[in-house]
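Results of the structural survey
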Amino acid sequence: MRRLDALFLDRDGTLIVERGFLSDPRGVRLTRGAAEALRRFTARGTLLFVVTNQSGIARGKLTRRQADAVNAEVARRLLAHGVPVEGFLVCPHHPEGSVREYAVACRCRKPGTLLHRRAIRRHGLDPRRCAVLGDKWDDVGAGIALGAHRVHVLTGHGRRHRKRVRAEAPGTILAPSLPAGLRLLEESLSR
Ligand SMILES: [Mg+2]
Ligand SMILES: [Zn+2]
């Protein structure tokens, strides 16, 4: 299998069970089998980034601090399985937000790629040797813009976004869950 430089993983509905605007670390539940599957990649030197749109911060549903606490819990759970996360890339914005400092149209909200590109530059990665994985069109859209491999999972909001992914993003791997998607990604890299 060709080694990938990095995986850009969506958090809610992909890496952890979707819980709406999650503000409490106690609500973190890793997708079953995700850690074990991710370890196959990190063991070979692939970096792991979690890229997450947290519009709840702009909407006043949770604070940046709470989002950071949830991310720290996700990192802790993964590390307990021997899986290090290189970075959490968070967009706290939304143009219709109620918290003034975050109520902006930004370039980091997926399908925007500002956060991905920053990590790519900082770590000297080749986007064609990266994969973007998520449950929404926004994730796949970012993957297309980057020229990266793409995996659309049907957990979280995945089923609702499947039609658009099929129509507008040919070549995207569709999978019932993150571990299944990672397995299919490995197979496609072995061909
Ligand atoms: Mg998601
Ligand atoms: Zn943003």
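Everything here concerns the structure above.
Let me begin by describing the structure that accompanies this report. These numbers come from a predicted model, not from an experiment. Positions within a chain are numbered from 1, following the residues in the order the chain's sequence is written. Chain labels run from A onward and ligand labels from 1 onward, assigned in the order the entries are written. In keeping with the predicted nature of the model, local features appear solely for residues at pLDDT of at least 70, side-chain atom pairs appear and are counted solely at 80 or more, and the whole-chain, interface and lining totals rest on all residues.

1. Considering the overall build of the chain
Secondary structure assignment for the chain yields seven helices and six strands. Moving toward the C terminus, one meets the helices and strands of the chain in the order β-α-β-α-α-β-α-β-α-β-α-β-α. Against the compact-globule benchmark of 16 Å for 191 residues, the chain has a radius of gyration of 15 Å, which places it among compact chains. When the backbone C-alpha atoms are referred to their principal axes, the chain occupies close to 50 × 35 × 35 Å. Partly exposed residues are those falling between the two cut-offs: more than 12 but fewer than 20 other C-beta atoms within 10 Å of their own, whereas 20 or more means buried and 12 or fewer means exposed, with C-beta atoms placed from the backbone. With 191 residues in all, the chain has 42% of them scored as buried. The way it works is that DSSP assigns letters per residue, a run of H or I at least four long becomes a helix, a run of E at least two long becomes a strand, and they are numbered from the N terminus. Put simply, the radius of gyration uses C-alpha atoms, and a globule should come to 2.2 Å times the residue count raised to 0.38.

2. Description of the packing of helix α1 (residues 34-42) against helix α7 (residues 178-190)
Axis geometry follows a simple rule: fit a line to the C-alpha atoms, using only the stretch in contact for helices, then measure angles between N-to-C directions, giving values from 0 to 180 degrees. It is the contact of α1 with α7, at a shortest axis distance of 8 Å, that shows an interaxial angle of 25 degrees. Classed by the angle they form, the pair α1 and α7 counts as roughly parallel. Along this stretch, α1 crosses α7, giving a crossing that reads as left-handed. In contact with Ala-34, Ala-37 and Leu-38 of α1, α7 contributes Leu-178, Pro-179, Leu-182 and Arg-183. When an angle is under 35 degrees it counts as roughly parallel; over 145 it counts as roughly antiparallel; between 65 and 115 it counts as roughly perpendicular; any other value is oblique. In this scheme the handedness of a crossing depends on how the near helix is turned from the far one: anticlockwise by less than a right angle means left-handed, clockwise means right-handed. For every residue pair, C-beta atoms are placed from the backbone, and the pair is scored as a contact if these atoms sit within 7 Å.

3. A closer look at the environment of Val-165
Inspection of the secondary structure puts Val-165 in helix α6 (residues 158-168). On the basis of neighbour count, Val-165 is assigned to the buried category, with 23 C-beta atoms found within 10 Å. Between the C-alpha atom of Val-165 and that of His-81, which follows or precedes it by 84 residues, the distance is 31 Å. Not counting residues within four places of it along the chain, the set of residues in contact with Val-165 comprises Trp-137, Val-140, His-152, Thr-172 and Leu-174.

4. As for the pairing of strand β5 (residues 149-153)
Of all five residues in β5, five are buried, a share of seventy percent or more. Of the two faces of β5, the one carrying His-149, Val-151 and Val-153 and the one carrying Arg-150 and His-152 are both buried. Strand pairing requires that DSSP identify at least two bridges connecting the strands. Here strand β4 (residues 130-134) pairs with β5 via four bridges, running parallel. If you follow Leu-133 over to β5, its bridge partner there is Val-151. Pairing of β5 with strand β6 (residues 173-175) involves three bridges; the strand directions are parallel. In the strand pairing of β6, His-152 is matched with Leu-174.

5. Here we look at helix α3 (residues 64-80)
Along an α-helix, residues three or four positions apart point the same way, because every turn accommodates 3.6 residues. Given the number of residues in a helix, its expected span is that number minus one, multiplied by 1.5 Å. Over its 17 residues, α3 extends 24 Å from the first C-alpha to the last, a length consistent with the 24 Å expected when each residue adds 1.5 Å. Three or more residues of α3 are buried, namely Ala-67, Val-70, Asn-71, Val-74 and Leu-78. Looking down the long axis of α3, one finds its buried residues gathered within 100 degrees of arc, a one-sided arrangement. Turned more than 90 degrees off the buried face of α3, the exposed positions are Arg-65, Arg-76, Leu-79 and Ala-80. Summarising the geometry, the arc corresponds to the directions from the helix axis toward the C-beta atoms.

6. Details of the sheet that holds β5
With respect to topology, six strands assemble into an open sheet ordered β3-β2-β1-β4-β5-β6, the strand pairing being parallel. Each edge of the open sheet is held by one strand with a lone partner, namely β3 (87-91) and β6. Going from strand to strand, the sheet's axes swing by 20 degrees on average, the running direction of each strand aside. Alignment of strand β1 (residues 6-9) against β4, held across four bridges, turns out to be parallel. When the bridges of β4 are listed, Phe-8 appears paired with Val-132. The sheet strands contacting α7 are β4, β5 and β6, and the helix crosses β6 at an angle near 145 degrees.

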